[in-house]
Amino acid sequence: MTVTSDPGTHADAGVDDGVAPAPPPPRAALSAATWREIAHLLCNLPVAVVAFGLQVGCLVASLGLSVTVIGLPLLALVLLGCRQYGRLERARARVLLGVRVGLPSPPLVREPGFFPWLWAHLKDPVGWRHALHAFVRLPWGVLTFTLTFVSLFVAWPALPWLARWLSNVDRALVRGLLSPSDELERRIAELESGRGAVVDTAAADLRRIERDLHDGAQARLVALAMGLGLAKEKLLEDPDAAARMVDEAHGEVKLALQELRDLARGIHPAILTDRGLGPALSALATRCTVPVTVTVDIGARPAPAIEGIAYFTVSELLQNVSKHAAARSASVEVWRSGDRLLLQVRDDGRGGARPDAGSGLAGLADRLGSVDGLFVLDSPAGGPTQVTAELPWRSAP
């Protein structure tokens, strides 16, 4: 009997055609990330031993010597060393664990000199947290090294899960003890921004005063000097012309004095210094183009700086009402609530005010923020507009 077969069925029938099958591509038993975690866990013990021996030992020694002259300076230097240890641990966690945390701000030294520097470093919370991290890491380093080393030879199938769990604890320690404090860093950023706003505002005010003096009173005084010089020359030749020139100079003097008064009022109005915020705001209201109701209920006077900011805030808002609001009436309310000074300006105008519309509202918000104040604008299209400002209360000395 003859048996025929289709050549195309050899592969399906499992017939060996003399060609060896291709082996599967090689695959690593553990991923690169797992090996990095294992390396981090194995390095925990030597790093923890060195850090504990140096930092915690020096910390204890400096605390013991704190009754001597060198004790406190030595403690400050140890805390600076703890910050450098934290920098090393953050770098190690970034390379091996993929954890990226921000760099804490340096200790805030408010005044120059050795003792302010010493006090700032002794109460540095970042240095103390880094020292705590070095203290905690010694028992944790012993545990992680032992478990990881034993698992490499005894329980290697479970090693990826064990390494991930242990390294997650390491990640939590880095984020909890070596990262900057969110609230502290936010506060520092706010203070730096506020300081920049104060500097910019002061520079703008100085430029405005210089421009007003140069273009106003100074120009009038120069013209006055020239007029009086010509009158002196004509005094004997043409007394009538000299008298007319003296009259003109007298008018220039009056205008120059008025401009100087206005400039001084723009720097700090006399009525605010003499009589306080209530009368000063009432005087502001009389210069507004719409009727303004003023209500002030603060009892004692606040500190001059807070009083001045409140006055110029209301002044700027009432100017916006006069120029842009097309309102029929407005109101100003100022009151004290605990340790805060609140003021509210309302108008029944067309609304639609925005801080980015060139009305000076952005500058007001920056000025209030520089003293830890708040600025809230509510101005829907069609009105009404309501602006609420909040300032910290500090009593006048």
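Note that the coordinates shown come from a computational prediction; the quantities given were computed from them, not determined experimentally. (Residues numbered from 1 in each chain as written. Predicted model: local features only at pLDDT ≥ 70, side-chain atom pairs only at ≥ 80, totals over all residues. Heavy atoms only, no water.)

(A) Summary view of the overall build of the protein chain. Looking only at helices and strands, one finds twelve helices and five strands in the protein chain. Carbon and sulfur atoms make up 63% of the accessible area of the protein chain, which totals about 23800 Å². (Helix = DSSP H or I, 4+ residues; strand = E, 2+ residues; numbered from the N terminus. Areas by Shrake-Rupley, 256 points an atom, 1.4 Å probe, with all protein chains shown as cover.)

(B) Focus on the pairing of strand E1 (residues 292-297). Relative to strand E2 (residues 330-337), E1 runs parallel, the two being bridged by six bridges. If you follow aspartate 297 over to E2, its bridge partner there is tryptophan 335. Where the polypeptide runs from E1 across helix H11 (residues 304-325) and back to E2, its parallel neighbour, the crossover connection is left-handed. (Pairing = 2+ DSSP bridges. Right-handed = clockwise from strand over helix to strand, strands pointing away.)

(C) Focus on a negative patch on the surface. Together, Glu233, Glu237, Asp238 and Asp240 make up a negatively charged patch on the protein surface. You can see aspartate 240 is positioned in helix H8 (residues 239-267). Among the residues examined, aspartate 240 registers a relative accessible area of 56% and is labelled exposed. (Patch = residues over 30% accessible without salt bridge, like charges linked within 9 Å, V, L, I, M, F, W, Y side chains within 5 Å. Salt bridge = Lys/Arg side-chain N within 4 Å of Asp/Glu carboxyl O. Lys, Arg positive; Asp, Glu negative; His and termini not counted. Charge placed at Lys NZ, Arg CZ, Asp CG, Glu CD. Buried < 20%, exposed > 50% of the residue type's maximum accessible area, 1.4 Å probe, protein only.)

(D) Examining the pairing of strand E3 (residues 340-347) more closely. Extensive coverage of E3 is indicated by the burial of seven of its eight residues. Across eight bridges, E2 lies against E3 in antiparallel orientation. Of the residues in E3, the one forming a bridge with valine 332 is valine 345. Adjacent in sequence and paired antiparallel, E2 and E3 are bridged by two residues, among which glycine 338 carries a positive phi angle near 65 degrees. Two elements, E3 and strand E5 (residues 385-392), share eight bridges in a ladder whose sense is antiparallel. Its bridge partner lying in E5, arginine 346 is registered against glutamine 386.

(E) Representation of the packing of aromatic side chains. Across all of its chains, the model carries four aromatic pairs by this definition. Ring geometry for phenylalanine 145 and phenylalanine 149: centres 5.8 Å apart, planes at 10 degrees, overall stacked. Taken as a pair, phenylalanine 145 and phenylalanine 149 lie in helix H5 (residues 125-153) at a separation of four residues, close to a single helical turn. Given a relative accessible area of 27%, phenylalanine 145 falls into the partly exposed group. (Phe/Tyr/Trp six-rings, centres within 6.5 Å; stacked < 30°, edge-to-face > 60°.)

(F) Molecular detail of the nonpolar core. Counting residues in hydrophobic clusters, the biggest one holds 35 residues, and the most contacted among them are Leu277, Leu281, Val292, Val332, Val334 and Leu341. Take this core: its biggest share by element is nine residues, from H11. Apart from the residues lying within four places of it in its own chain, the contact partners of leucine 341 are Ile298, Pro302, Ile306, Ala310, Val334, Trp335, Ala389, Glu390, Leu391 and Trp393. (Core = buried A, V, L, I, M, F, W, Y, C linked by side-chain atoms within 4.5 Å. Contact = heavy atoms within 4.5 Å.)

(G) Inspection of the pattern of salt bridges at higher detail. Applying the stated criterion across every chain yields a total of ten salt bridges. A salt bridge links aspartate 348 to arginine 328; its shortest N-O distance comes to 3.9 Å. Placement of the pair is aspartate 348 in the loop between E3 and helix H12 (361-369) and arginine 328 in the loop between H11 and E2, with a sequence separation of 20 residues. Note on aspartate 348: relative accessible area 28%, which makes it partly exposed. The exposed category is assigned to arginine 328, whose relative accessible area is 65%. Each member of the salt-bridge network shares a partner with another, and the members are Glu89, Arg92, Arg137 and Asp170.

(H) Region of interest: the state of the cysteines. Counted under the stated rule, the structure contains zero disulfides. Cysteine 58 supplies the cysteine sulfur nearest to cysteine 82, a cysteine that is in no disulfide, at a spacing of 8.9 Å. We classify cysteine 82 as buried; its relative accessible area is 0%. (Disulfide = S-S within 2.5 Å.)

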